[in-house]
Amino acid sequence: MPLISIIIPAYNVSPWLSATLRSVQDQTFTNWECIIVDDGSTDNPAACIPDDPRFRLIRQANAGVSTARNRGLDEAQGALIAFLDGDDIWHPQALERLYAPFTQADAPDFVWGDFLRFEDATGIARPSPLKCWKQTDIFWQNLLITNFLQFGALLFKKEKASGLYFDTTLRICEDREWLIRLLKSCRVQHVPYVVHYYRQRSGSAVRDTDRFLRDEAAFLERHIHGPSVPQFIRRRARSAFLFHSAVLLAKLPRRKQDAATTWLRALMIDPLYTENYMQIIRKIAFKLRKKSSISEVIPYL
């Protein structure tokens, strides 16, 4: 039996899937199975799969990434679960680094590592302006404010996800919503290493901004009203959401005024939440910084 089950939903990602699967095959930790769930692709993901019995392809009619991940959870045989998108890359020691805390006497339920974004084709690093700040000692509440986790940088006990499925009615932020529910019952540990490289493709940006914002607002409202959530977390989460909304709206034609109004609302809700200012400063600093490629990514381009 494999110790770790890796679940990869795949929908029309064949141009990148071979590189993703090679990064899985190159792992220094070898006791794994990799389940690729073909979500009704119109390309041919089967042609990308290496001749390695640890890879398993499952086909289904197109139903969305949440249904594909749910199918992967049902099929997984490992005691631990990892997710990876079909166009991203793992550091060769990703699983080794994420698995190490599970060998401790008092092992956590959920482990997360660091990630870097990179430009498709060039491998140039694109640092994220988002930071993980310890707002409270309750980990999932921090995630309500800032989406600092990357789905390919996680490893958790399968038993903690028993009966816990992704919400197929959400088309956006379904991963973050699922994580919140999972993390409410998990002891968490951070691994201070980069394990995951997130590919930024020109066609992978949010296309339907209004739908994105509706789904993100719906996700937020589900979780911020619990009796255990402090008032300042609710306020901060709403402010961070409005700030993120303003950033997205500012990228659209004829929505600059909406963006400015939304940003002012974010500041009014929580004017002392400095992250709303620091993200802008970090983004400017990243643009001024000399660009460099990520050496671990280059072999997979």
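Reading guide: rules and limits
- Residues numbered from 1 in each chain as written.
- Predicted model: local features only at pLDDT ≥ 70, side-chain atom pairs only at ≥ 80, totals over all residues.
- Heavy atoms only, no water.
- Phe/Tyr/Trp six-rings, centres within 6.5 Å; stacked < 30°, edge-to-face > 60°.
- Helix = DSSP H or I, 4+ residues; strand = E, 2+ residues; numbered from the N terminus.
- Buried < 20%, exposed > 50% of the residue type's maximum accessible area, 1.4 Å probe, protein only.
- Lys NZ or Arg CZ within 6 Å of the ring centre and 35° of its normal.
- Core = buried A, V, L, I, M, F, W, Y, C linked by side-chain atoms within 4.5 Å.

J.: Provide a residue-level description of the packing of aromatic side chains, including the pertinent values.
T.: Taken as a whole, this structure holds 14 aromatic pairs when the rule is applied. Each ring, one from W32 and one from F55, has its centre 5.2 Å from the other, and the planes form 70 degrees; the classification is edge-to-face. You can see W32 sitting in strand 2 (residues 32-39) and its partner F55 sitting in strand 3 (residues 55-60), a full 23 residues away along the chain. Pair check on accessibility: W32 and F55 agree, each one buried. Geometrically, the ring pair formed by F151 and W178 is edge-to-face, given 6.2 Å between the ring centres and 70 degrees between the ring planes. Taken together, the positions of F151 in the loop between helix 4 (139-145) and strand 8 (154-157) and W178 in helix 5 (residues 174-183) put the pair 27 residues apart, joining distant regions of the chain. Like F151, the residue W178 is buried in the burial classification. Sitting over the ring of W140, K184 keeps its end group 4.7 Å from the ring centre.

J.: So what's going on with the nonpolar core? Residues and values would help.
T.: Proteins that are soluble and globular tend to have nonpolar side chains buried together. If you look at the biggest cluster of nonpolar residues, it comprises 48 residues, and the most contacted ones within it are F110, L149, W178 and L179. Of all the elements, helix 7 (residues 231-250) adds the most residues to this core, at 8 residues. Of all hydrophobic cores here, the second largest spans 29 residues; its members include I4, L80, F102 and L155.

None of this, on its own, says anything about what the molecule does.
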